[in-house]
Amino acid sequence: NLARKELAWLRRGAPARTSKPRYRIEAAEALIKNVPAPRDNVELMSFATKRLGKKVIELEDATVTTPPPEARVLVDDLTWRLAPGERIGLVGVNGSGKTTLLRTLAGEYPLAAGKRIEGRTVEIGWLRQELEDLDGERRLLDAVEDVATRVEIGGKELTASQLAERLGFSAKRQRTPIRDLSGGERRRLQLTRVLMAEPNVLLLDEPTNDLDIDTLQELESLLDGWAGTLVVISHDRYLIERICDSTWALFGDGKLTNLPGGIQQYLDRRRELIAAPAAPAAPSSASPGQDAASGTASGAASSPGLSAQEDRELKKELNALERKMQKLSAKVDTLTAKLADAAMPADGNIDTALLADLDRELQGVRSEHDDCEMRWLEVAEMREEGHV
Ligand SMILES: Nc1ncnc2c1ncn2[C@@H]1O[C@H](COP(=O)(O)OP(=O)(O)OP(=O)(O)O)[C@@H](O)[C@H]1O
Ligand SMILES: [Mg+2]
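Presented here is an overview of the structure given in this document. Quick caveat: nothing in here was measured; it's all calculated off a predicted structure.

**Considerations on the coordination of the magnesium ion (ligand 2)**
In the first shell of the magnesium ion (ligand 2), the protein supplies Thr99 (OG1) and Gln129 (OE1), at 1.9 to 2.3 Å from the metal. In this pair, Thr99 is assigned in helix 5 (residues 98-106) and Gln129 in the loop between strand 5 (124-127) and helix 6 (140-145), connecting sequence segments 30 residues apart. Residue Thr99 is classed as partly exposed on the basis of its relative accessible area of 23%. Owing to a relative accessible area of 41%, Gln129 belongs among the partly exposed residues under this scheme.

**Remarks on the site of ligand 1**
Near ligand 1 you find 13 residues, and of these Arg72, Gly95, Lys98, Thr99 and Thr100 are the closest. Here an oxygen atom of ligand 1 and a backbone polar atom of Gly97 are 2.9 Å apart. Thr99 is positioned with one of its side-chain polar atoms (N or O) 2.7 Å from an oxygen atom of ligand 1. Isolated, ligand 1 exposes 640 Å² of accessible area, and the fraction of that covered by the protein chains is 62%. When residues of the shell around ligand 1 are assigned to their parent elements, the largest contribution, three residues, is made by helix 5. Its residues assigned to classes, the shell around ligand 1 comprises three nonpolar, eight polar and two charged.

**Considerations on the sheet that holds strand 11 (residues 256-258)**
Pairing is mixed in the open sheet, where six strands are placed in the order 5-8-9-3-10-11. Only two strands of the sheet have a single neighbouring strand rather than two, namely strand 5 and strand 11. Averaged over all neighbouring strand pairs, the angle between strand axes comes to 20 degrees, with direction disregarded. Both strand 3 (residues 87-92) and strand 10 (residues 246-250) contribute to a ladder of five bridges, which runs parallel.

Calculation criteria
- Residues numbered from 1 in each chain as written.
- Chains lettered and ligands numbered in written order.
- Predicted model: local features only at pLDDT ≥ 70, side-chain atom pairs only at ≥ 80, totals over all residues.
- Heavy atoms only, no water.
- Donors = N, O, S within 2.8 Å, 3.2 Å for Na, K, Ca; no water.
- Helix = DSSP H or I, 4+ residues; strand = E, 2+ residues; numbered from the N terminus.
- Buried < 20%, exposed > 50% of the residue type's maximum accessible area, 1.4 Å probe, protein only.
- Near = heavy atom within 4 Å.
- Polar contact = N/O pair within 3.5 Å; in protein donor to acceptor, adjacent residues only side chain to side chain.
- Areas by Shrake-Rupley, 256 points an atom, 1.4 Å probe, with all protein chains shown as cover.
- Nonpolar A, V, L, I, M, F, W, Y, C, P; charged D, E, K, R; others polar.
- Pairing = 2+ DSSP bridges.
- Axes fitted to C-alpha atoms, helices over the stretch in contact; angles between N-to-C directions.

The following block contains the structure:
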């Protein structure tokens, strides 16, 4: 069995694959030939269309700004039509306006210009970034049953208690008063309540920050069979690759940019923007209905708030991370080749234990590489923005 990330990588499509030698792709594809896709998109789309109609949420010539009096433009002249069953990952650096755009989609945040249209049958479920205020005296399960006692999700009917259990609350924990829950548990409760309301449009703002691996996998499998429109903001690369079909990014240039190459393309673009801030931005892949860039991409070459010493330290860390990533990449290549060989042994006898070991090792190295990459971006952004 190839692990989840490998599947996600393969399913991400052509742009991500072109850098891999053909024979490795074929070997990996042979390995996953019998692994079913996580979801049946055609069926989900047609089901979503039945539930939602053609119109979901549309923004037309929309301008979204920060609150007045500052009213800084976050997204300018955007036309964006969410389709039934569309599954979107929304990424961007802190403060780029992801939450504000989600609030705009939800209809809570007013547009500075343009309009928002909502389909008649739309039921929005919205997991906010911040904690909601709930009566601390009530027990966890009561707070879930306040929304509904049963829910149909992915073709299965679940009771409030069963859904709570799938999201990591034991029967015992379900009796706990809300005031005794940790912050993470309260956010998880919030997610349970959102799903319990049987929305057909789900807006999730950083859903995974408080989830452990088991609950995360439960959430992913719940969403696999979920026939609705999904917009999820997350820093969790794997989650987006796993549950979304398209990726959109806010780069701080007033545009919403579609990234056919997914998160990898996002990371590459961020790196380009940071490395060459004075150079003109690379042409965006697709920006429906938008005029030319308003040119707000950061042009800061120096680091205003950092001391020279601090800046040097960060530069040093960047260099170290780059060296480490190079080593890890080389290791990934070696392991991928070994894995391909192990999958197609000359004598035809596949050693599954060896495959599993290599796969596990590969996942480890990959995730270490991902961590380095995220840290690289963080540090690069600190230097760019001038504060630690
Ligand atoms: N109530 C507010 N008053 C003033 N400015 C605000 C307010 N809410 C958000 N902003 C500003 O609007 C910009 C976008 O904020 P938003 O929360 O949408 O970003 P984000 O991309 O979700 O960031 P994060 O990754 O930190 O969640 C930020 O620069 C923020 O400072
Ligand atoms: Mg946010």
